[in-house]
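Take a look at the letters that make up each chain.
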Amino acid sequence: MLEGRVVIVTGGGRGIGRSHCLELAAHGATVVVNDLGVGVGGERSFETPADEVVAAIEEKGGTAMADGSSVSDWAAVEGLIGRTVERFGHLDAVVNNAGILRDSMIATLEEAAWDAVIDVHLKGTLALTRHACAYWRAESKAGRTRAARIVNTTSGTGLAGNVGQAAYGAAKAGIANLTLTTALEGSRYGVTANAVSPVANTRMTSGTGFAGTAEGTFDKFDPANSSPVVAWLCSEQSGWLTGRVLRVDGNTVHPVDPWSVRPGHAAAGGGRLDAAEIDAGLRVVMGTSPAGLPGLSVIR
Ligand SMILES: NC(=O)c1ccc[n+]([C@@H]2O[C@H](COP(=O)([O-])OP(=O)(O)OC[C@H]3O[C@@H](n4cnc5c(N)ncnc54)[C@H](O)[C@@H]3O)[C@@H](O)[C@H]2O)c1
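Residues numbered from 1 in each chain as written. Predicted model: local features only at pLDDT ≥ 70, side-chain atom pairs only at ≥ 80, totals over all residues.

### Section: the domain arrangement of the chain
For interface size, the figure often reported is the accessible area lost on association. Along its sequence, the chain is carved into domain 1 (6–256) and domain 2 (263–300). Spacing between the C-alpha centres of domain 1 and domain 2 amounts to 36 Å. (Domains from an automatic or database assignment.)

This is the structure:
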């Protein structure tokens with residue numbers, strides 16, 4: 001499905017990103033495995049997980065390259081696009097997957113935690129998207145429009161919120177929205193943009209009860225479960241789909257509807273709304289409880 005295609009995967013050294021890299025390579029893609037090798041909260045370490053993934057791909061006869069840039073380093077990410085094109089001749093897809101976690105209740109949230117989480121997830125996704133789009137737009141202007149693909153990573157928290165995850169949820173919601181704008185702009189030069197919302201047992205979710213599948217049965221929380229969807233999204237075949245979030249829950253892929261505006265209460269007097277009518281008017285159109293997102297309340 002991906003023979004001849006070149007794909008960059010950020011945070012590809014561990015967890016879900018590692019699974020994406022192996023799946024993409026199994027489908028014939030050349031994979032650029034980006035990973036800074038940090039701890040779950042973004043703490044510096046001397047680990048180089050991208051090298052291990054490159055070795056695993058090469059052992060099976062595939063082609064891969066490791067990269068240790070931080071996704072939120074604007075200039076380094078621009079360099080990553082340049083090195084990829086220089087080495088492999090072109091770039092076809094980017095998978096924005098790198099992430100960190102610094103959970104805190106809002107009342108005790110530290111400024112540094114907010115900045116770090118927004119920096120890696122939201123700015124990191126934008127940085128690679130921005131430089132990849134500049135490359136694809138230039139290619140298109142030169143008469144070489146590519147079947148280019150951007151795959152972002154949002155989460156249940158980004159779609160529905162979660163206690164203790166204000167920064168993470170805001171970043172992931174931002175990524176879902178960034179996917180929409182990228183899809184609208186990218187359609188002019190051959191780029192589609194979609195996002196996946198995975199669920200997996202990784203170091204990021206240890207302690208959340210995601211593990212525990214009985215031996216011998218399908219593992220609902222295997223980090224590789226969303227990788228087939230990512231492989232398809234990186235392929236030419238997926239060109240008909242753009243601007244969507246796909247929730248991958250175990251072995252099921254669900255399209256997620258974007259924010260939608262429901263039928264509302266119109267001012268009874270025909271002019272501006274009157275504060276005195278809002279309570280009763282909204283209770284009629286919404287019911288007495290706020291509109292929830294059924295089925296999304298226990299996901300990350
Ligand atoms: N695990 C889940 O259930 C789940 C659910 C929804 C979304 N996600 C998202 O999936 C993605 C992967 O998460 P995971 O569970 O595999 O976590 P993980 O911690 O196993 O992997 C994340 C990887 O990103 C790398 N990374 C962190 N900061 C980086 C940076 N600045 N530059 C480059 N690489 C960096 C880390 O070194 C790590 O290898 C994240 O975006 C996460 O928010 C995970």
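### Describing the environment of A147
By the secondary structure assignment, A147 is in the loop between α4 (111–141) and β5 (148–153). Residues A147 and L22 lie 125 residues apart in sequence; the distance between their C-alpha atoms is 21 Å. Setting aside anything within four residues of it in sequence, one finds A147 in contact with D92, G190, E236 and G239. (Helix = DSSP H or I, 4+ residues; strand = E, 2+ residues; numbered from the N terminus. Contact = placed C-beta atoms within 7 Å.)

### Examining the nonpolar core
If you look at the biggest cluster of nonpolar residues, it comprises 65 residues, and the most contacted ones within it are V7, L24, V31 and C234. When residues in this core are grouped by element, the largest group, ten residues, is from α4. When near neighbours in sequence (up to four residues on either side) are disregarded, C234 contacts L2, R5, V7, L24, A29, A93, V95, R149 and V151. (Core = buried A, V, L, I, M, F, W, Y, C linked by C-beta atoms within 7 Å. Buried ≥ 20, exposed ≤ 12 C-beta atoms within 10 Å, placed from the backbone.)

### Quick notes on the pairing of strand β1 (residues 6–9)
Where burial is concerned, the two faces of β1 agree: the one with V6 and I8 and the one with V7 and V9 are both buried. The β-α-β motif built from β1, the intervening helix α1 (residues 15–26) and the parallel element strand β2 (residues 30–34) has right-handed crossover chirality. One ladder, built from three bridges, connects β1 with strand β4 (residues 93–95); its direction is parallel. Counterpart to V7 in the pairing with β4 is A93. (Right-handed = clockwise from strand over helix to strand, strands pointing away. Pairing = 2+ DSSP bridges.)

### Here's the deal with the sheet that holds β4
Pairing is mixed across the open sheet formed by eight strands, whose spatial order is β3-β2-β1-β4-β5-β6-β7-β8. In this open sheet, the two edge strands, each paired with only one partner strand, are β3 (64–67) and β8 (252–256). Direction aside, the axes of adjacent strands within the sheet are offset by 20° on average. Packing of helix α6 (residues 166–186) onto the sheet brings it into contact with β5, β6 (191–197) and β7 (245–249), and relative to β6 it is tilted by some 160°. Strands in contact with helix α7 (residues 227–234) are β1, β4, β5, β6, β7 and β8; relative to β5, the strand with the most contacts, it is inclined by about 150°. (Axes fitted to C-alpha atoms, helices over the stretch in contact; angles between N-to-C directions.)

### A few points about α6
Taking 1.5 Å as the rise per residue, α6 with 21 residues should run 30 Å; its terminal C-alpha atoms sit 29 Å apart, in good agreement. For α6, every residue scored as buried is listed here: A166, A167, Y168, G169, A171, K172, I175, A176, L178, T179, T182 and G186. Taken together, the buried residues of α6 touch α4, β5, α5 (156–160), β6 and β7. (Expected span 1.5 Å × (residues − 1).)

### A look at the packing of α1 against α7
Running from amino to carboxyl end, α1 crosses α7 at an angle of 55°, the nearest separation of the two axes being 9 Å. One finds that α1 runs oblique with respect to α7. For the pair α1 and α7, the sense of crossing is right-handed. Between α1, through S19, H20, E23 and L24, and α7, the contact on the second element is made entirely by S227, P228, V230, A231 and C234. Classifying every residue of the contact of α1 with α7 by side-chain character gives five nonpolar, three polar and one charged. (Parallel < 35°, antiparallel > 145°, perpendicular 65-115°, else oblique. Left-handed = near helix turned anticlockwise from the far one by under 90°. Nonpolar A, V, L, I, M, F, W, Y, C, P; charged D, E, K, R; others polar.)

### Observations regarding the confidence of the model for the chain
Interpretation of this model should avoid reading the predicted coordinates in detail wherever pLDDT is low. Residues of the chain with pLDDT of at least 70 account for 94%, and the chain-wide mean is 94. Low pLDDT, under 50, characterises residues 292–300; the stretch is placed with 15 contacts to residues that sit more than four places away or in other chains. (pLDDT = per-residue confidence, 0-100.)

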